Amino acid sequence: MNAPYAPPFDPDTQNQDLEPVLALPLFRAVNEANFPPGSSLRDILVRHARVRHCRRGDIVVRRGDYGHTVFGILKGRLRVLVDPGVEKLITARPVFDHKPWFTTLLQTWRTPNMPEIRHDEQANRFGFARLRRAEEIGSRLYLEDPETVITAFPTRVLVEGQSFGMIAALARSARTATVFAESDATLLELRWQGLQEIRYRDVHFRKYLDGLYGSRALANHLLESVLFATLERNVLDVLTRETEFETYGSFEWTRTFKQAMARGVSTIIEYEPVVVDEGQPLDHLLVVCSGFARVSVRHGSSYRTEGFVARNEMIGLEEILTQEHPVYRHRVSAIGHVDVLKVPVEVLQAHVLPRLSADFTPRPVTFREGGPPLSGREQALIDFFIDNRFINGTAVMLIDLDRCTECDECVRACSLVHDNNPRFLRHGRDCTNIMVANACMHCVDPVCLIGCPTGAIHRLAQAGRVVIDETLCIGCATCADSCPYDDIRMVEIRDSDGRPLRNGRQPTLRATKCDLCPDVRGGPACQRACATEALVRIDMRDRYTLARWLARS
Amino acid sequence: MTMFFGRLAAQVFPTVVLAGGILAANHLYAASFSFSFRDVRFLSGWELVGIVGWLALFGMQRRLVTLSTLKASVQQRVHIATGWGAVGVFVLHTDGRLPQGRFDWWLWSLFVAVAVSGVIGAAFYTFLPARLHERPHIRLWQISRADIEAGGDRRRNNEMIFMERIPFFRAKLGRLVEQEVMAFTRDTGSMVILDFYVHRLAPFFRGPRHMLFHLFQSHHPVHRISLEMRPLERYLDEAGRESLGKIEKLIRFKDHLDYLHAHHMMLKGWLFIHVPLTAALLIVSAAHGILVHAFTAGSP
Ligand code: HEM
Ligand code: SF4
Ligand code: SF4
């Protein structure tokens with residue numbers, strides 16, 4: 001379960017009067033008797049909840065933002081924007097496009113002397129919304145005139161006692177709608193960890209959450225997987241009913257990760273929560289819906305890593321298809337944290353397998369299924385990527401040290417297209433001849449997004465790229481502190497004349513990191529600039545490409 | 001090593017194809033117009049101007065990767081292949097003979113120097129990077145360990161040492177040795193280590209040493225220093241020997257730094273021949289072209 005030493009969400013919560021919070025319908029069914037001393041409902045709330053005061057017009061959650069908290073309304077009235085189409089008008093996200101050829105040429109020519117120069121930021125970038133840029137936590141987008149929005153666009157009312165944001169919090173996915181305050185309002189905000197802890201302690205709460213999750217998110221998750229994508233509605237309903245949702249490990253994996261690294265990477269595997277063990281009778285097909293799991297086999301006195309599974313990948317299908325009394329061929333353990341759906345084998349056999357096309361072959365989850373054993377170097381690299389959790393990356397910067405001449409053209413190219421300041425360090429952990437440079441990996445599970453008060457750092461829905469909207473960034477460094485790979489840097493910015501911008505006495509900071517060069521033709525400038533093909537950006541889930549790249553001579 | 005040859009082959013193959021193509025095209029072209037001997041030299045001369053001009057633009061092309069449609073890796077392959085093509089045309093142009101006049105000697109030498117440095121550079125790019133990390137690893141943590149033993153802070157481990165940081169680390173190791181020697185001398189009043197330090201170690205730690213040995217992967221010089229330290233042991237007690245051991249470790253770290261330095265110098269240094277001489281080559285060949293045209297203009 002959650003690490004008890006997780007810092008409180010908001011230290012101020014313990015001074016709050018929690019009676020109105022406990023009276024919320026969300027907690028009404030919770031039986032306090034189920035909670036041990038020291039971990040009462042109230043204790044959990046003190047650790048994992050905060051009370052938020054919103055002003056009229058404040059945007060509480062924005063469609064597309066990465067959610068990890070659930071809200072309960074203590075006082076006031078809120079509105080949900082019903083039509084996703086009008087979203088763009090209200091809280092527009094920046095749009096990236098290739099720079100015109102000529103602009104790029106000019107940029108090459110006229111590099112400013114100073115780094116991080118910002119020209120006047122565009123006003124009114126957010127449609128109807130404005131940014132309250134108090135440089136403090138609590139800065140956020142707001143609507144100047146919520147009435148106009150309410151009369152012009154379809155909305156749904158949320159009133160005292162209601163809760164919202166549950167699905168995004170449970171699945172830690174994007175918010176599905178925008179919610180704003182129609183009047184001044186007081187909200188309870190409970191983070192994911194608290195939700196899980198209450199779920200763990202209280203059966204009713206668990207049933208309530210799982211029911212909610214099952215009815216809304218589970219079917220969608222199943223549909224994302226190739227195996228279930230083509231099922232008819234009624235079959236899917238059966239599956240949804242029978243499938244269980246389990247979560248392993250701690251969502252606070254950044255913290256446990258750092259502790260594990262301090263103990264030494266080689267022991268990491270022994271501390272990972274086990275999902276299923278090698279040789280155990282196979283009663284469920286496992287589908288990963290978030291996080292990662294390690295796939296290993298017993299070897300000597302420990303375990304040898306054979307591969308990993310990521311979102312939408314499955315464990316057990318091959319066994320079910322090929323064995324009469326299937327047993328798990330691998331030990332599966334949570335790398336940090338993993339959410340899995342468990343589909344009972346009987347249900348699968350009754351409803352899904354008969355519908356499977358004859359040429360269906362499950363995707364291997366190990367690096368070399370059935371092939372010759374991995375070489376020492378390959379095994380070392382797999383361990384290295386998994387132990388250091390680089391498998392989280394969809395665009396990891398790998399540098400082949402056998403080829404890198406350390407010419408720094410990659411760094412120069414990056415600097416050229418990014419305010420005269422490179423967005424990565426050609427530096428990082430390495431194993432054999434491969435180095436993982438300190439460049440944002442554009443994670444599958446981007447923990448940097450959690451806690452950004454303005455949603456400035458976000459993930460683009462289509463491309464999966466994690467980007468920072470600078471006009472929204474208030475320089476609070478929450479993201480930089482959360483990134484487990486140290487890939488975000490806070491920089492001091494300057495005005496057009498090169499003078500450092502200030503905010504009172506403090507220099508004005510902005511978070512910067514690799515954005516994969518959305519405006520450069522032909523992809524990331526670093527990779528384009530490397531003449532010896534030492535540098536690539538690689539999606540770690542694409543095991544085939546990865547293996548081929550590592551094996552090239 | 002097979003990896004290197006594989007990569008070399010992969011580089012050489014397209015090169016040979018392209019260079020062969022240029023030469024064949026050249027011959028066909030010349031043959032189809034049935035030029036006189038002198039005319040072919042005019043043709044190959046202008047070709048050379050074109051090719052060398054294109055090669056010389058490579059530096060600028062490289063800086064325009066965010067603009068140009070070719071990735072730098074492709075550009076470099078094209079450059080190397082075209083470079084070999086230029087060598088072929090050059091042989092054709094000079095008839096494979098050594099130059100006659102003094103001016104021609106200049107021109108000839110400049111071209112050969114640019115081409116040879118290019119070939120050497122391409123070889124360096126293929127062989128040296130792997131050497132930077134294949135040898136007993138010199139890593140920050142090794143230096144930090146020396147640092148910790150000397151009471152310094154722990155630094156983040158598992159990091160490579162970059163060229164720019166080498167002088168910093170060298171100075172640091174120098175300081176550590178000096179501290180060790182001074183402490184020992186002060187505590188014991190014995191001059192044994194101090195003498196050796198002044199005559200042998202101080203010059204060694206002052207700057208990069210034994211560059212050539214390192215390029216040939218030879219441990220000879222550092223081995224030699226170790227040997228010279230052995231006779232000192234008979235004049236030292238237990239503490240003195242321990243001190244000597246620490247110093248020896250620092251010597252090895254410094255030697256690793258030199259090794260890296262030597263390789264970095266080669267990786268970057270060849271460009272300091274290749275690029276400036278390219279500029280000189282362009283100027284001298286322009287003069288050559290003007291002269292040749294001036295002298296042949298009147299002749300039939
Ligand atoms: C003979 C006429 C040649 C000329 C005029 C020429 C000119 C140049 C120039 C201007 C650069 C740019 C350096 C920079 O600013 O980065 C360069 C780089 C280079 N040249 Fe040549 N070159 C010639 C022949 C060759 C040959 C024959 C080879 C190898 C077979 C070669 C290999 C290279 C390589 C590997 C680089 C890459 C430097 C880097 O990536 O930083 N060159 N050359
Ligand atoms: S900033 Fe860090 S956590 Fe966020 S996507 Fe990049 S590497 Fe992942
Ligand atoms: S451009 Fe390529 S060779 Fe040069 S420093 Fe970057 S990764 Fe190394």
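The present account deals with the structure reproduced in this document. Just so it is clear, the structure is predicted and the values come from calculations on it, not from any experiment.

Moving on, we come to the state of the cysteines. All names here are of chain A. A full pass over the atoms with the stated rule returns zero disulfides over all chains. Not engaged in a disulfide, the cysteine Cys526 finds its nearest cysteine sulfur in Cys517; these two sulfurs lie 6.2 Å apart. Cys526 sits in the buried class, given a relative accessible area of 4%.

Attention now goes to the interface of chain A and chain B. Each side of the interface is counted separately: chain A has 33 residues, and chain B has 32 residues. Of all residues in chain A, A:Asp402, A:Glu406 and A:Arg528 bury the most surface against chain B, accounting for 23% of the area lost on that side. On inspection of chain A and its partner chain B, the count reaches one salt bridge. B:Arg77 is the partner of A:Glu533 in a salt bridge, and the nearest nitrogen-oxygen pair spans 3.3 Å.

Hydrogen bonds between backbone atoms are what pair the strands of a sheet, whose relative direction is either parallel or antiparallel. Residues and elements named next belong to chain A. Read from one edge of the open sheet, four strands run 2-9-4-7, paired in antiparallel fashion. The open sheet is flanked by strand 2 (59-61) and strand 7 (155-158), the only strands paired with a single partner. Here the average twist between neighbouring strands, direction ignored, is 30 degrees.

Our focus in this paragraph is the site of ligand 1. Residue and element names in this part refer to chain B. With respect to spatial proximity, 23 residues lie near ligand 1, and among them Arg62, Gln76, His79, Tyr125 and His274 are the closest. In this structure, an oxygen atom belonging to ligand 1 sits 2.4 Å away from a side-chain N or O atom of Arg62. Contact between ligand 1 and Tyr125: an oxygen atom at 3.2 Å from a side-chain N or O atom of the residue. Those elements giving two or more residues to the shell around ligand 1 turn out to be helix 2 (37-56), helix 3 (58-63), helix 4 (72-94), helix 5 (102-134) and helix 12 (271-297). If one sorts the elements of the shell around ligand 1 by residue count, helix 5 sits on top with six residues. The class makeup of the residues in the shell around ligand 1 is 14 nonpolar, seven polar and two charged.

Residue and element names in this part refer to chain A. Reading across from one edge, 18-19-17-26 is the order of the four strands in this open sheet, with antiparallel pairing throughout. Each of the sheet's edge strands pairs with one partner strand only, and the pair in question is strand 18 (425-431) and strand 26 (535-538). With direction set aside, neighbouring strand axes in the sheet form an average angle of 35 degrees. The strands touched by helix 15 (residues 376-387) within the sheet are strand 17 (396-400), strand 18 and strand 19 (434-438), with strand 19 carrying the most contacts at an inclination of about 20 degrees.

This paragraph deals with the packing of aromatic side chains. Counted under the stated rule, the structure contains twelve aromatic pairs over all chains. Seen in terms of ring centroids, B:Phe204 and B:Phe205 are 5.2 Å apart; in terms of plane orientation they differ by 85 degrees. Their pairing is edge-to-face. On the basis of relative accessibility, which here comes to 7%, the residue B:Phe205 falls in the buried class. Feature note: the residues A:Phe384, A:Phe385, A:Phe390 and A:Tyr485 constitute an aromatic cluster, connected by ring pairs. Looking at A:Arg331, its charged tip hangs above the ring of A:Tyr303, at a distance of 3.8 Å from the centre.

Before going further, it helps to spend a moment on the environment of A:Arg298. Residues and elements named next belong to chain A. Along the chain, Arg298 turns up in strand 13 (residues 284-299). Assessed through its relative accessible area of 46%, Arg298 is described here as partly exposed. It is 9.6 Å that separates the C-alpha atoms of Arg298 and Asp277, two residues lying 21 residues apart in sequence. In this structure, Arg298 is in contact with Asp277, Glu278 and Tyr303, ignoring residues within four places of it in sequence.

Bringing the site of ligand 2 into the picture now. The environment of ligand 2 is formed by 13 residues, the closest being A:Cys440, A:Met441, A:Cys443, A:Cys448 and A:Cys483. Here the residues of the shell around ligand 2 sort into ten nonpolar, one polar and two charged.

About the criteria used
Residues numbered from 1 in each chain as written. Chains lettered and ligands numbered in written order. Predicted model: local features only at pLDDT ≥ 70, side-chain atom pairs only at ≥ 80, totals over all residues. Heavy atoms only, no water. Disulfide = S-S within 2.5 Å. Buried < 20%, exposed > 50% of the residue type's maximum accessible area, 1.4 Å probe, protein only. Contact = heavy atoms within 4.5 Å. Buried area = accessible area lost by both parts, 1.4 Å probe. Salt bridge = Lys/Arg side-chain N within 4 Å of Asp/Glu carboxyl O. Pairing = 2+ DSSP bridges. Helix = DSSP H or I, 4+ residues; strand = E, 2+ residues; numbered from the N terminus. Axes fitted to C-alpha atoms, helices over the stretch in contact; angles between N-to-C directions. Near = heavy atom within 4 Å. Polar contact = N/O pair within 3.5 Å; in protein donor to acceptor, adjacent residues only side chain to side chain. Nonpolar A, V, L, I, M, F, W, Y, C, P; charged D, E, K, R; others polar. Phe/Tyr/Trp six-rings, centres within 6.5 Å; stacked < 30°, edge-to-face > 60°. Lys NZ or Arg CZ within 6 Å of the ring centre and 35° of its normal.

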